[in-house]
Amino acid sequence: MCGIVGYVGKNDALPILMAGLTSLTYRGYDSAGVAVVNGTSMHVVKCAGKVGDLAARLDGTTITGTTGIGHTRWATHGEPSDVNAHPHTDSAGDFAVVHNGIFENSNELRERLRAQGCVIRSQTDTELFAHLVALNYDGSFEAAVKAALSQVTGAFALVVASRLHPGMLIAAKLDTPPLVVGIGADELFVASDISSLLRFTKRVVILEDGEMAVLTPKNVYVDLFRAEPVIGRRRPASERVLSVDWPADIAERGGYPHFMLKEIEEQPRAIRDTLRDRLLDDGRVLLEEFALPPSVIRRARRVLFLGCGTAFHAGLVGQYLFEPVLNVPVQVEVASEFRYRQPVVGPDDLVVAISQSGETADTVSAVRGVQERGATVVAITNVVGSTLSRIADHVLLTRAGPEIAVASTKAFTAQVVANHLLLMYLAQYRPHQHDKLLYQVGQGLRQLGDAVERVLARADAIKAFAERLAEHEDVYFIGRNLDEPIAREGSLKLKEISYIHSEAYAAGELKHGTLALLSPGTPVIAIATQSEIYEKMVSNVQEVLARKAWVTGLIADDDTELRGMLADSLVVPRVNDLLAPVPNVVALQLLAYHCGVARGCDIDQPRNLAKSVTVE
Ligand code: AGP
């Protein structure tokens, strides 16, 4: 995934582009660049490295011009380098393009353009688009871009600037990568997400699939470059203006050393916001944005969770909740695998697609696949106007606010809370024998923000433990029942933030092979808060202790048995078993965070990763 920004208006573009790119670095950070149009000249500066490296390259230059585009990259085609950085231009330097996504027909295009005499300088697919625009240019900037768009396939978002047309930008989008137009006073913006525009405007138009927008300082109009819109209803841009009520600084770091720590500590608010006005005092759940017909709920013969990474883990938590209460089989699938398995899916399937960004290509494609087979799709997502929120049949928005750190934290706990809300909502329309359990869940949800605050209050103890753990290169996480998905999530957090190798196992599975990897002193984090299978967990811990591994318990504050057995424990407040995933994961998020800090890792922008993977 990459970050795109564009400006056309009354002010100098460069400072606006750089501010936008700074907000977008979470989307990709291996190279960056800008192109600024001033009269009939265009100045392109780009380099490998982060936005800060680009700023250093620009330091001392005086680039003026009120039209420009910028890009921060997560490499797909071609290594991070100066020449592969965006913007890319045609040979004459008349057009510059920034691009997020992939042109799937780039190999054929490259050969065709070379045969037409184009000199291709980079390894990227993006550069080819600049050449296509130039080849199709006959005086109309818009017609040239539209012609070029008809010759590329794939999922992409792009913006083109031209020194032949100062005061104009052309933006286009197809499939997953998002593109948002910001509307100011005699100035227009375009960016990959809403939060990077908030410092300039709160009035936005979200481009839909197959749409191309022509931006000038006083106007934006949107046209289709595909015969039919892939999704969504066509409405004039003026009718589609959204006013975003997020505070302008919500995506700022607010004095925290890292976005990840800020977002870990925002979780009590994110949980309370996600519950607000939905969980009623009498235990009923009201999902105002929902129109899921009770007949669909009653007809459902299976629930299928789809997601990737952390979102997949939220689905695993959902499985433990949904199956007993709804009395239907519940399946949880990694979207990237599921979609290529020729799965048997039909109208009696209720699919819950979980995605923080709502732009993960694998999840979006899997959703399109199940919809083609007649399934009803509920999306649990954190981004208003995201692709997933627009293609799903029903949407349950988490209200975690923008999540900037690549490591998903507050979105995950909000997803788990949304799962609980969805379960309680569905249960209102299906016969079951679990009124008492659901009542307890409702009570527990109300106290969940407080429970997380109590974990956050233990951060110093977790930090001290993390600094010892950070010296190791292999860490194992084990758990059972609802602690097992959290073992997986804790392991993923540790890997992506501290680069420590880690594996997660169902505790009962360890003895079937992986126990062979444990030697004296190997760190094992044993998550043991599920009361129903606690004694089984104690036995598993004893199996590991017998191999002299270094076992640390993640245990409830009323646990005396394991606390007495283990030299080290991470203590969390006791909550209802069905809610334990939330305080437990917060402790493991802090553990991963402090391990990463102790190892000097780049916390918010871990190597090789991006916040949302909008390519397959
Ligand atoms: C989580 O910490 C990771 N950054 C990653 O696994 C992420 O959860 C996954 O890419 C799915 O993203 P989504 O929720 O935006 O679909």
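Conventions we followed
- Residues numbered from 1 in each chain as written.
- Predicted model: local features only at pLDDT ≥ 70, side-chain atom pairs only at ≥ 80, totals over all residues.
- Heavy atoms only, no water.
- Salt bridge = Lys/Arg side-chain N within 4 Å of Asp/Glu carboxyl O.
- Helix = DSSP H or I, 4+ residues; strand = E, 2+ residues; numbered from the N terminus.
- Buried < 20%, exposed > 50% of the residue type's maximum accessible area, 1.4 Å probe, protein only.
- Phe/Tyr/Trp six-rings, centres within 6.5 Å; stacked < 30°, edge-to-face > 60°.
- Contact = heavy atoms within 4.5 Å.
- Polar contact = N/O pair within 3.5 Å; in protein donor to acceptor, adjacent residues only side chain to side chain.
- Near = heavy atom within 4 Å.
- Areas by Shrake-Rupley, 256 points an atom, 1.4 Å probe, with all protein chains shown as cover.
- 1 Å grid on protein atoms, 1.4 Å probe; cavity = no way out; pocket = protein on both sides within 12 Å on 5 of 7 lines; lining within 4 Å.
- Sits in = over half its atoms within 2 Å of the grid points.
- Nonpolar A, V, L, I, M, F, W, Y, C, P; charged D, E, K, R; others polar.
- Points joined across faces, edges and corners; volume = space filled by probe spheres on them.
- pLDDT = per-residue confidence, 0-100.

Draft legend 1. Summary view of the pattern of salt bridges. Tallied over the entire structure, the rule returns 33 salt bridges. A salt bridge links arginine 163 to aspartate 94, with the nearest nitrogen and oxygen atoms 2.8 Å apart. Within this pair, whereas arginine 163 is found in the loop between strand E7 (154-162) and strand E8 (169-174), its partner aspartate 94 is found in the loop between strand E5 (88-89) and strand E6 (95-103), the two being separated by 69 residues in sequence. Of the charged contacts in the structure, one is a salt bridge between lysine 611 and glutamate 403, with a shortest N-O distance of 2.6 Å. Of this pair, lysine 611 sits in the segment after helix H19 (581-598) while glutamate 403 sits in the loop between strand E19 (394-397) and helix H13 (410-427), placing them 208 residues apart in sequence. Note on accessibility: lysine 611 and glutamate 403 belong to one class, buried. Members of the salt-bridge network, linked through shared partners, are Lys262, Glu266, Arg269, Asp273, Arg276, Asp277 and Lys410.

Draft legend 2. Layout of the packing of aromatic side chains. By the definition in use, this model includes ten aromatic pairs. Ring centres of phenylalanine 305 and phenylalanine 322 lie 5.1 Å apart, and the angle between their planes is 80 degrees; on these two criteria the pair is classed as edge-to-face. Placement of the pair is phenylalanine 305 in strand E15 (residues 302-307) and phenylalanine 322 in helix H9 (residues 309-327), with a sequence separation of 17 residues. Take phenylalanine 322: its relative accessible area is 0%, and that puts it in the buried class. Put simply, the rings of Tyr7, Phe189 and Phe200 touch in pairs and so form one group of aromatic residues.

Draft legend 3. Inspection of the environment of aspartate 349 at higher detail. By secondary structure assignment, the location of aspartate 349 is in strand E17 (residues 349-355). With 52 residues separating them along the chain, aspartate 349 and isoleucine 297 place their C-alpha atoms 9.6 Å apart. The contact partners of aspartate 349, leaving out residues within four places of it in the chain, are Arg302, Val344, Ala375 and Thr376. In terms of polar contacts, aspartate 349 uses its side chain to reach the side chain of arginine 302, at 2.6 Å.

Draft legend 4. Expanded view of the site of the ligand. Around the ligand, the structure places 14 residues, and the nearest of them are Ser355, Gln356, Ser357, Thr360 and Glu496. The separation between an oxygen atom of the ligand and a polar main-chain atom of glutamine 356 is 2.7 Å. A distance of 2.8 Å separates an oxygen atom of the ligand from a polar backbone atom of serine 408. Across the complex, the protein chains shield 90% of the 410 Å² of accessible surface that the ligand would expose by itself. Among the detected pockets, the ligand sits in the largest pocket. Of all the elements in the fold, those that place two or more residues in the shell around the ligand are H9 and helix H16 (483-498). Tallied by class, residues from the shell around the ligand come to five nonpolar, seven polar and two charged.

Draft legend 5. Quick look at the layout of surface pockets. Looking at the largest pocket, its volume works out to about 550 Å³. Lining the largest pocket are 24 residues, and of these Cys308, Gly309, Ala610, Lys611 and Val613 lie nearest its centre. Looking at the lining of the largest pocket, the elements that each hand over two or more residues are H9, E17, helix H11 (361-372) and H16. At three residues, H9 tops the list of elements feeding residues into the lining of the largest pocket. Residues that form the lining of the largest pocket fall into these classes: nine nonpolar, eleven polar and four charged.

Draft legend 6. How the structure looks around the confidence of the model for the protein. Summarising the model, the protein shows a mean pLDDT of 92, and 97% of its residues fall at 70 or more. Per-residue pLDDT stays below 50 along residues 229-233; that stretch engages in 13 contacts with residues further than four places along the chain or on separate chains.

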